[in-house]
Amino acid sequence: MAVTEPAPAVLAEPHAPPTPTAAPNEAGETPGIPQEGARREETGEGSEGGEGSEGGAGARSAPSGRTVRGTGYESILRRQSLRESAARTYARSLPIVPVRARGLTIEGADGRRYLDCLSGAGTLALGHNHPVVLEAIKKVLDSGAPLHVLDLATPVKDAFTSELFATLPGELADDARVQFCGPAGTDAVEAALKLVRTATGRDGLLAFTGAYHGMTAGALAASGGAPDVRVTRLPYPHAYRCPFGTGGERGAELSARWTESLLDDPKSGVTTPAGMIVEAVQGEGGVIPAPDDWMRRMRRITADRAIPLVVDEVQTGVGRTGAFWAVEHSGVVPDVMVLSKAIGGSLPLAVVVYRSSLDAWEPGAHAGTFRGNQLAMAAGTATLAYVRENKLAERAGTLGARILGQLQGLAVAHACVGDVRGRGLMIGIELVDPDAAGPEDTAPPAAPALALAVQQECLARGLIVELGGRHSAVVRLLPPLTLTDEQATAVLDRFADALAAAERARVPRPSPSRRAPAPVPAPGPSH
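**Student:** I'd like a rundown of the side chain of aspartate 433, residues and numbers included.
**Tutor:** Relative to the helices and strands, aspartate 433 is located in the loop between strand E16 (426-431) and helix H13 (448-460). Of the polar contacts made by the side chain of aspartate 433, one reaches the backbone nitrogen of aspartate 435; its length is 3.1 Å.

Quick look at the structure:
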């Protein structure tokens, strides 16, 4: 059955909570949404026979025949709070129960619609339930092909690998090997670190302040919040909060010199490492793009010392930054690329791509049960091809630059916006406390409470955004690459309204002066 993408909804009043407009299925029901008795957050109204009442819309029959009460969204959230671990994150700041989604839009069990600028933390390059992804999954299901095959060769896997290699930097693709990990980005990071240690016979690693590479032990050790020093930390260039207090080209130059000094000083305490791992744009660190010249400098530093360069493209890959892979902005060809999130087309998939000279593993040296997910590979092939054929990376670069410019205009009117930065459709707005500003050459302190308030105000207006950065003071926008101009306007309108509302709710402290926000850097050229 052909699946078509509905036209984007026209949002006549972008500041207001969206009106539920879910379409019924062939049976006349809205799947997953209580047909009666659903409490509407906008009005607070309910109906008789609602959640928890016997025989009403809040009850359903379980497979055993007994009645399960409380299927309304509030009951679902309550049970999640009681049953799930304290480690849950997104559910705390986004108390919604998604039941339907298409493109940019999510509909909750309460009937409200939301514009999703989280996109599964960057996983959904084409948004929710894109027709080409659904069709690819359906084709595999209808074919009778096995869904679980460990690491055996299949036509689906071969098609994915061929499409993946077609998108890689040419110099790497011509001499690459791929290891299917599974199923998350952090698994691929672990595999990459294990790979370079095996290939070099060395153990140490170079990583950067502010980095995030995953939640397993090895990935955390290379991330910014690690509790030990088994990995050498290097300063990541940051124009707004430069670790050297200079910013710009001078700050990037000092970062590079520091790296060279540590590696070349026999008394630095840093031996030649197994590899360097870096993000071309730090995502969780606060949406900080690495300068292209600095990336090229890191490539020269590592190549001259026979240190494998590992680039983590888990969140930046598949067109998000305006190039198919973020490292391509600088023209750098790494030795290892870590890929996940968008490459699975919304399903779990992770791989490591690396130069054949590093392929020193013995059979079975790295394995995993769920590294042959056929549905994810099919969805990933469809996603990679769609992004490539429709030039969505170029579109992300153009639209992202326009959004950055509009946000800079917004920043002029709001002293609490300290910095606007990003690349393509990977955008961050750092919120600060301008009343607590220090010396003129120092950025004001971060304002995490204000950022949280902005996130909550956004949600109240039907906009889902993420927080990140060192103090969770950066509002992050990760919309799908299929974002239209009209949808971008709606997102910006809702964000602007939420920012103004959160600002009004603050109790300002008197201040003799306010600092102007930092300018938005122009996006670098794509190679």
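Text resumes after the structure shown.
**Student:** Can you break down H13 residue by residue, with the values?
**Tutor:** Across its 13 residues, H13 extends 18 Å between first and last C-alpha, which sits within 8% of the 18 Å expected from 1.5 Å per residue. In the segment just after H13, glycine 462 is the residue with positive phi, at about 80°.

**Student:** Would you mind going over the packing of H13 against helix H14 (residues 485-505) in detail, with residue names and values included?
**Tutor:** Packing of H13 against H14 brings their axes to within 8 Å, and their N-to-C directions diverge by 130°. When the axes of H13 and H14 are compared, the pair comes out oblique. Here H13 runs over H14; the crossing is right-handed. Facing H13, whose interface residues are Leu450, Ala453, Val454, Glu457 and Cys458, H14 presents Phe495, Ala498, Leu499, Ala501, Ala502 and Glu503. Grouping the amino acids of the contact of H13 with H14 by side-chain chemistry returns nine nonpolar, no polar and two charged.

**Student:** Just give me the short version of the pattern of salt bridges, but keep the residues and values in it.
**Tutor:** As enumerated under the stated definition, the model contains 24 salt bridges in all. One salt bridge connects glutamate 171 with arginine 355, and the closest N-O pair in it is separated by 3.5 Å. One end of the pair, glutamate 171, is in helix H6 (residues 170-173); the other, arginine 355, is in strand E14 (residues 351-355), with 184 residues separating them in the sequence. We classify arginine 355 as buried; its relative accessible area is 16%. Members of the salt-bridge network, linked through shared partners, are Glu171, Arg299, Asp335 and Arg355.

**Student:** Account for the pairing of strand E19 (residues 474-477), with residues named and values stated.
**Tutor:** Taken residue by residue, a regular strand's side chains alternate between the two faces of the sheet. Every second residue of E19 is oriented toward a common face, with Val474 and Arg476 on one face and Val475 and Leu477 on the other, all of them buried. For E16 and E19, the ladder comprises four bridges, and the chain directions are antiparallel. When the bridges of E19 are listed, glutamate 430 appears paired with valine 474. Bridging between strand E18 (residues 466-468) and E19 involves three bridges; their strand directions are antiparallel. Within the sheet, the bridge partner assigned to glutamate 466 lies in E19 and is arginine 476. In textbook terms, the turn of a hairpin is the stretch between consecutive antiparallel strands, and for E18 and E19 this stretch comprises five residues, one of which, glycine 469, has a positive phi near 90°.

**Student:** So what's going on with the packing of helix H5 (residues 155-167) against helix H11 (residues 374-389)? Which residues, and what values?
**Tutor:** Running from amino to carboxyl end, H5 crosses H11 at an angle of 30°, the nearest separation of the two axes being 9 Å. Note on packing geometry: the crossing formed by H5 with H11 is left-handed. Residues Val156, Lys157, Ala159, Phe160, Glu163, Leu164 and Thr167 of H5 touch H11, and the partners they reach there are Gln374, Met377, Ala378, Gly380, Thr381, Leu384, Ala385 and Arg388. Of the residues belonging to the contact of H5 with H11, the class tally is eight nonpolar, four polar and three charged.

**Student:** Give me the environment of isoleucine 137: which residues, what numbers.
**Tutor:** With respect to the helices and strands, the residue isoleucine 137 is situated in helix H4 (residues 131-143). Accessibility expressed as a relative area gives 16% for isoleucine 137, which makes it buried. In this structure, the C-alpha to C-alpha distance between isoleucine 137 and glutamine 374, residues 237 residues apart in sequence, is 8.7 Å.

**Student:** Requested: an account of the environment of isoleucine 429, with residues and values cited.
**Tutor:** Summarising the element assignment, isoleucine 429 is placed in strand E16. The spatial distance from the C-alpha of isoleucine 429 to the C-alpha of glycine 469 is 9.9 Å, given a sequence separation of 40 residues. When near neighbours in sequence (up to four residues on either side) are disregarded, isoleucine 429 contacts Leu407, Val417, Asp419, Val420, Ala473, Val474, Val475, Leu477 and Phe495.

**Student:** I'd love a proper account of the sheet that holds E14, names of residues and values included.
**Tutor:** The strand order E6-E14-E13-E12-E9-E7-E8 describes an open sheet built from seven strands, whose pairing is mixed. Sheet topology places strand E6 (176-180) and strand E8 (232-234) at the edges, where each strand pairs with a single neighbour. Strand-to-strand twist in this sheet, taken as the mean axis angle between neighbours without regard to direction, amounts to 20°. Sheet analysis places E6 next to E14, joined by five bridges and oriented antiparallel. Its bridge partner being in E14, glutamine 179 is matched across the sheet by valine 352. Lying over the sheet, H5 contacts E6, strand E13 (336-339) and E14, oriented at roughly 130° with respect to E6. On the sheet, helix H9 (residues 248-264) packs against strand E7 (205-208), E8 and strand E9 (275-278) and is oriented at approximately 155° with respect to E8.

Conventions adopted
Residues numbered from 1 in each chain as written. Predicted model: local features only at pLDDT ≥ 70, side-chain atom pairs only at ≥ 80, totals over all residues. Heavy atoms only, no water. Helix = DSSP H or I, 4+ residues; strand = E, 2+ residues; numbered from the N terminus. Polar contact = N/O pair within 3.5 Å; in protein donor to acceptor, adjacent residues only side chain to side chain. Expected span 1.5 Å × (residues − 1). Axes fitted to C-alpha atoms, helices over the stretch in contact; angles between N-to-C directions. Parallel < 35°, antiparallel > 145°, perpendicular 65-115°, else oblique. Left-handed = near helix turned anticlockwise from the far one by under 90°. Contact = heavy atoms within 4.5 Å. Nonpolar A, V, L, I, M, F, W, Y, C, P; charged D, E, K, R; others polar. Salt bridge = Lys/Arg side-chain N within 4 Å of Asp/Glu carboxyl O. Buried < 20%, exposed > 50% of the residue type's maximum accessible area, 1.4 Å probe, protein only. Pairing = 2+ DSSP bridges.

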